[in-house]
Amino acid sequence: MSVRVRYAPSPTGRLHIGNMRPALLNWYFALKHGGDYVLRHDDTDMQRSTREFADLIEADLAWLGILPGMIVRQSERTDLYDAARDRLIASGRLYPCYETEDELDRRRKRARALGRPPIYDRAALQLTDEDRQKLEAEGRRPHWRFRLDGKPVVFSDLIRAEQTVNTATMSDPVLVREDGSYLYTLPSVVDDIDLGITHVIRGEDHISNTGVQIEIIEALGGAVPQFAHHNLLTGASGEGLSKRLGSLAVSQLRADGYEPLAVAILASLTGTSLSVEPYLDLAAIAEALEFESISHGPARFDPAELDGLNARILHEMDYATAQPRLAALGFDNEPLWSAVHQNLQRFDDIKAWAEIVEGPIDPDFDAEDEEFLRTAAEALPPEPWDETTWGAWTSQLKQQTGRKGKALFMPLRRALTGRTDGPELKSLLPLIGRKASVDRLP
Ligand code: GLU
């Protein structure tokens, strides 16, 4: 069977790392099965959805390495929803209701006071044509509810095994608002049928929607896809991630210089049996991750993990992988990469190290080391230099001055690089070269 999945964000804000979880899990599944990946902008909420947010979502996905084969916008597919609406009305599954929010609220309160569940009482089903005409003459417009079967809907979830949603415990859902616009449910179902979606992979907050959606799909005569509901990414103490969590917005993480792979690994492997560690690329994660690996508890994550993971990815990155990005920064230099990549926290830190190598740097030494550094300058061997030069030079200085350990190395490091820490000097020294080294020593 050919596989087709969809990722369906609402373009009403910036995506954060938690929204990347379904985006990635769908992508892995498509990669693994050679399937299609559809990006569906759920933009039926005209007030809150914007084209800018939709464009930003596409940019965020592209940055992660997700390139949808097809992009659709629900705002351009209203005809399909209208046709489905009319079929449901004709078959008696969609019925007009005239209650105001206040009326519904009062009824819910009354039900609670009587110890009954606050479920919509279907009073609108009792209205006669005459009643409806009267209400419409008063200026009321109907919203439309789907008449649920009111029975257990059982489906086999690919992550959470068999699930039962009893629609008898739910209010008939409103599918169409008074102004004729659609809530999320009907467009989602109609698109899943129309686009031939085979697998719906989304957050577990949608499990009860799934019960309702299966009933609607069946009412429309569509094929029911397979469902996989994953745990949601939460903060360290279990709190939900909101779109307003600016620092974890994907666009912000990108601006902060994190590796897309680090974001992808953290977003998708937290809360699974796989460890959060470097992978070569998204395809390698897709190979390793099974639905069974995804745990059923919350996926608590610590944003601080991102820094460590990001650094590990850079420390393990080979030159061939880094090369195009180095070239773009103007530092296409393999010895430089080899010397410093194990010290990078963010890729762009390479700029600072390139500047340190190329100079000029601010001289940095204490007065009490000046004599020692002068001796060191005189002892610098002639070029050509390689990785053995540092060892030969410092052994000689040790003998000559009696200094050893930190007292020997630290003044040299500070004078040569202007920093107290950094890459191994045996790799840096040949890059700095003899002339600059002489200049940096007093
Ligand atoms: N727009 C919905 C959401 O963001 C899509 C849910 C679904 O995948 O069906 O929650």
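Please refer to the structure placed before this passage.
A few points on the structure.

About the thresholds
- Residues numbered from 1 in each chain as written.
- Predicted model: local features only at pLDDT ≥ 70, side-chain atom pairs only at ≥ 80, totals over all residues.
- Heavy atoms only, no water.
- Helix = DSSP H or I, 4+ residues; strand = E, 2+ residues; numbered from the N terminus.
- Expected span 1.5 Å × (residues − 1).
- Buried < 20%, exposed > 50% of the residue type's maximum accessible area, 1.4 Å probe, protein only.
- Arc of directions from axis to C-beta.
- Contact = heavy atoms within 4.5 Å.
- Salt bridge = Lys/Arg side-chain N within 4 Å of Asp/Glu carboxyl O.

Turning our eyes to something else, we now look at helix α3 (residues 78-90). With 13 residues, α3 should cover 18 Å at 1.5 Å per step; its first-to-last C-alpha distance of 18 Å lies within 8% of that length. Among the residues of α3, those classed as buried are Tyr-81, Ala-84 and Leu-88. Along the axis of α3, the buried residues cluster in a sector spanning 65°; they form a single face. When the buried face of α3 is taken as reference, the exposed residues oriented beyond 90 degrees from it are Asp-79 and Ala-90. If you follow the buried residues of α3, they end up packed against β4 (94-97), β5 (143-146), β8 (174-176), α6 (185-194) and α7 (207-219). Looking at the residues trailing α3, positive phi occurs at Gly-92, about 80°.

All right, on to the pattern of salt bridges then. Tallied over the entire structure, the rule returns 37 salt bridges. The residue Asp-194 makes a salt bridge to Arg-77 at a minimum N-O spacing of 2.8 Å. Residue Asp-194 is located in helix α6, and its partner Arg-77 is located in the loop between β3 (70-73) and α3; the two are separated by 117 residues in the primary sequence. A salt bridge links Arg-140 to Glu-103; the shortest N-O distance between them is 3.3 Å. Taken together, the residues span a long stretch of sequence, with Arg-140 in the loop between α5 (129-137) and β5 and Glu-103 in helix α4 (residues 101-113) at a distance of 37 residues. A relative accessible area of 23% means that Arg-140 is categorised as partly exposed. The partly exposed category is assigned to Glu-103, whose relative accessible area is 23%. When salt bridges that share partners are traced, they join Arg-6, Arg-40, Asp-42 and Asp-192 into one network.

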